[in-house]
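Observations on chain architecture
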Amino acid sequence: MLIKKNKYSELPENQVTDESLYLNRRQFINKSAMIAAVTALPKLAFANNPIPEPDYKELSQSPFSTDEELTPFDDITSYNNFYEFGTDKSDPAKYATNFPDKSESWPIIIDGECDKPGEYTYDDLIKPFTLEERIYRLRCVEGWSMVIPWVGFSLADLLKQAQPSSKAKFVEFTTLYNPQQMPGQQRQVLQWPYVEGLRIDEAMNPLSLLAVGLYGKELLGQNGAPIRLVTPWKYGFKSIKSIVQIRFVEKMPVSSWMRAGPSEYGFYSNVNPNVSHPRWSQTRERRIGDLLKRETHMFNGYQEQVAHLYTGMDLKRNF
Amino acid sequence: MLVSILKVSTFVLSLLPAVLLFYGLLTDQLGANPIETLTRDTGEWGLRFLLITLAISPLRLLTSWHALATIRRMLGLYAFFYACIHMLLYIGLDQFFNLSDIISDIVDRPFILVGFVSFIALIPLAVTSNKAMIDRMGSVLWNRLHSLIYYIAIGGVVHFYMLVKKDVTDPVYYIIILILLLGFRLYSYIRRTLFTAKNTSLHHSENK
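These numbers come from a predicted model, not from an experiment.

What follows deals with the interface of chain A and chain B. The partner chain B presents 27 residues to the 37 residues of chain A that form the contact. Counting across the interface, chain A meets chain B through five salt bridges. The interface formed by chain A and chain B includes 15 residue pairs in polar contact (both at pLDDT 80 or more). Of all the secondary structure elements, the ones that give two or more residues to the side of chain A that touches chain B are α8 (256–260) and β12 (284–287) of chain A. Within the side of chain A that touches chain B, the residues separate by chemical class into 20 nonpolar, six polar and eleven charged.

Have a look at this one:
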């Protein structure tokens with residue numbers, strides 16, 4: 001097999017991704033003698049795939065991007081919570097290989113309290129927007145985190161186009177419901193379709209991203225193809241995947257996880273080390289690739305951009 | 001001879017999950033979050049060995065293969081072995097040996113409390129598992145102490161059930177197996193007491 005040198009490293013925005021660093025990630029978790037002892041053990045096999053060829057080229061780099069070490073592509077695409085494809089973290093990569101069906105166009109409806117509702121195909125929807133790369137931290141409610149180089153555009157740009165009315169206090173997002181394509185939906189683990197929501201000012205915040213790719217590639221099924229939300233200051237489950245509907249509403253939407261466990265999952269679900277979840281203390285997190293946990297920061301380290309959204313709110317009650 | 005083959009193969013087979021996990025760790029095959037995989041899998045193996053240990057007596061009664069009794073202690077010790085690794089991973093890698101964090105975790109999270117208590121209760125059983133201890137304690141006291149395993153198994157299964165986020169399919173399998181194992185004991189207990197009661201009353205009437 002011909003092994004091509006990766007063009008990806010030629011892209012300016014990827015200078016943060018040192019490929020050799022990325023390929024030898026396990027050696028970079030040396031944080032204590034104990035870790036060093038473990039990582040010094042000989043590797044009997046080492047099966048890391050090269051970074052794939054980019055679909056998006058010449059992407060501009062967002063000022064919101066972090067310069068932290070990227071989580072390897074393999075990990076981002078093999079360790080997923082996407083219950084539509086099964087509840088095990090390896091299920092989505094297993095069962096979303098042909099998702100979405102490329103022979104059909106992906107419809108997205110934008111409706112509700114706005115002046116310019118519309119029905120789009122995915123291709124038409126994203127056409128007007130300039131894609132950029134944004135390297136965000138992702139913090140899962142389960143206590144692990146990643147650093148992901150998303151490709152996408154600002155959610156606010158799309159929402160403004162629809163001209164929300166004064167009644168649009170919240171934005172409700174819905175994932176595709178299709179038990180044939182999404183076998184996990186054949187069991188009522190959650191109420192399908194998956195629903196998430198943001199307050200309108202949260203949705204309009206410049207950090208809120210609609211992602212269509214990562215690592216310069218189109219999104220894979222397991223990561224929420226073709227289009228998904230990314231709100232990096234909130235726990236990962238807020239970043240709804242495979243969106244088919246965006247609706248402006250007056251009342252606070254009830255998300256799938258709020259319905260499943262109202263005492264465990266709140267509407268806001270901001271990353272907050274001071275508010276513990278009944279199952280997981282949220283004070284620390286394990287960055288994928290690390291052995292030991294690190295401190296979790298308020299709003300996942302995005303205080304500067306989003307803290308003002310919540311001034312005067314009791315975040316313990318509005319968890 | 002047969003007994004020693006049984007013992008050796010049990011020893012090797014029971015060690016296999018640990019060997020495979022260790023091999024998976026070295027070869028980077030435990031997924032993106034190997035620590036989570038290790039913690040989860042060792043916990044599950046601890047639970048499996050608890051249930052296997054509890055299955056020995058019913059199996060012996062059903063099959064009359066009494067040699068099974070010779071591997072029960074080893075299986076119980078394997079449950080303790082996997083539970084120890086599970087616990088060490090939690091204490092060391094999740095909490096980094098921080099006692100106050102561990103205590104607050106136990107206080108805040110009922111599933112941690114249940115798991116922790118179950119583990120602590122396993123320790124005296126492991127310590128008193130050898131023949132010398134049985135002789136020293138006497139079988140009545142020893143049996144009473146070791147009946148703790150029923151509560152430990154219940155605790156382990158409940159711990160698993162409580163920690164699962166939403167899909168409780170797996171813990172429910174363990175619960176069903178445990179109910180069958182405990183149900184068997186209840187059934188044979190009831191049968192035994194009824195039988196003895198009947199016998200004694202028969203005996204009484206004969207004496208009249």
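Residue and element names in this part refer to chain A. Burial along β12 is two-sided: Arg284 and Arg286 and Glu285 and Arg287, pointing in opposite directions, are all buried. Two strands pair when backbone bridges link them, and strand β5 (residues 144–154) and β12 are joined in this way by two bridges, in the parallel orientation. What sits directly across from Trp144, in β12, is Arg286. Relative to strand β13 (residues 294–295), β12 runs antiparallel, the two sharing two bridges. Bridged to Glu285 within β13 is Arg294. Taking the residues that link successive antiparallel strands as the turn, the β12-β13 hairpin has six residues, and the phi of Gly289 there is positive, at about 105 degrees.

This part covers the pairing of strand β11 (residues 243–249) of chain A. Residues and elements named next belong to chain A. Taken across its seven residues, β11 has six buried, putting it largely inside the fold. As paired elements, strand β6 (residues 170–175) and β11 share six bridges and run antiparallel to each other. The partner of Phe173 across the bridge, within β11, is Ile246.

The next subject is the environment of B:Ile179. Mapped onto the elements of the fold, B:Ile179 is located in helix α9 (residues 169–207). Sequence separation between B:Ile179 and B:Ile154 is 25 residues; the distance between their C-alpha atoms is 9.2 Å.

Empty space among the atoms can be located by rolling a probe the size of a water molecule over them. All names here are of chain A. Within the structure shown, the criterion is met by four cavities of 30 Å³ or more. Put simply, the largest cavity is a space of about 380 Å³. Around the largest cavity sit 27 residues that line it, and Asn81, Phe82, Gly236, Phe237 and Lys241 are the ones nearest its centre. For the lining of the largest cavity, the element with the most residues is β5, which contributes four residues. Looking at side-chain class alone, the lining of the largest cavity contains 17 nonpolar, six polar and four charged residues.

With that settled, the discussion passes to the layout of surface pockets. As a volume, the second largest pocket reaches approximately 720 Å³. Across the lining of the second largest pocket, the residue classes tally to 14 nonpolar, eight polar and five charged.

There is a patch of nonpolar side chains on the surface, built from B:Met1, B:Leu2, B:Ile5 and B:Trp65 and spanning about 500 Å² of accessible area. If you trace the backbone, B:Met1 turns up in the segment before α1 (2–26).

The next thing to look at is the pattern of salt bridges. Tallied over the full model, the rule gives 26 salt bridges over all chains. A:Arg134 is the salt-bridge partner of A:Glu132, the closest N and O atoms lying 2.6 Å from each other. Accessibility expressed as a relative area gives 4% for A:Arg134, which makes it buried. Across the salt bridge formed by B:Lys131 and B:Asp135, the nearest N and O atoms sit 3.8 Å from each other. Residue B:Lys131 and its partner B:Asp135 are both found in helix α6 (residues 131–137); the two are separated by four residues, about one turn of the helix.

A word on the side chain of B:Thr53. Residue and element names in this part refer to chain B. Note on placement: Thr53 falls in helix α2 (residues 34–63). Since its relative accessible area comes to 7%, Thr53 is described here as buried. Looking at Thr53, its side chain comes within polar contact range of the main-chain nitrogen of Gly76, at 3.4 Å. In this structure, Thr53 is in contact with Arg72, Leu75, Gly76 and Ile149, ignoring residues within four places of it in sequence.

Attention now moves to the environment of A:Val254. All names here are of chain A. Position of Val254 among the secondary structure elements: in the loop between β11 and α8. Note on Val254: relative accessible area 39%, which makes it partly exposed. Note: C-alpha distance between Val254 and Glu172 (82 residues apart in sequence) is 8.8 Å. Non-local contacts of Val254, meaning those with residues more than four positions away in its chain, are made with Val195 and Arg259.

What counts and what doesn't
Throughout, residues of each chain are indexed from 1 in the direction in which the sequence is written. Each chain is given a letter, starting from A, and each ligand a number, starting from 1, according to the order in which they appear as written. Given that this is a predicted model, residues contribute local features only at a pLDDT of at least 70 and side-chain atom pairs are listed and counted only at 80 or more, while totals for whole chains, interfaces and linings are drawn from all residues. In computing side-chain values, all of the structure's heavy atoms are included and hydrogens and water are not. Whether two residues touch is decided by their heavy atoms; if any such pair falls within 4.5 Å, the residues are in contact. Only one rule defines a salt bridge in this text: a Lys or Arg side-chain nitrogen within 4 Å of an Asp or Glu carboxyl oxygen. Each polar contact in these results corresponds to two N or O atoms within 3.5 Å; when the atoms are within protein, one needs to be able to donate a hydrogen and the other to accept it, and residues that are neighboring in sequence are counted only if both atoms are side-chain atoms. The secondary structure listing takes helices from DSSP runs of H or I that are at least 4 residues long and strands from runs of E that are at least 2 residues long, numbered from the N terminus. The nonpolar class holds Ala, Val, Leu, Ile, Met, Phe, Trp, Tyr, Cys and Pro. Asp, Glu, Lys and Arg form the charged class, and all remaining residues, Gly among them, are polar. Exposure categories follow from relative accessible area, calculated using a 1.4 Å probe and restricted to protein chains: below 20% of the type maximum is buried, above 50% is exposed, and the middle band is partly exposed. Two strands form a pair only when DSSP identifies at least two bridges running between them. Of the grid points, spaced at 1 Å and generated over the protein atoms alone, those admitting a 1.4 Å probe that cannot get out make up cavities, while open sets with protein on both sides within 12 Å along at least five of seven lines make up pockets; any residue with an atom within 4 Å of a point is treated as lining. Grid points are joined across faces, edges and corners, and a volume is the space filled by probe spheres set on the points. Each patch is assembled from residues with relative accessible area greater than 30% and no salt bridge, linking like charges that lie within 9 Å and nonpolar side chains (Val, Leu, Ile, Met, Phe, Trp, Tyr) that lie within 5 Å. Using the Shrake-Rupley algorithm and a 1.4 Å probe, accessible areas are obtained, with residue cover drawn only from the displayed protein chains.

Distances and angles like these do not, on their own, reveal function.
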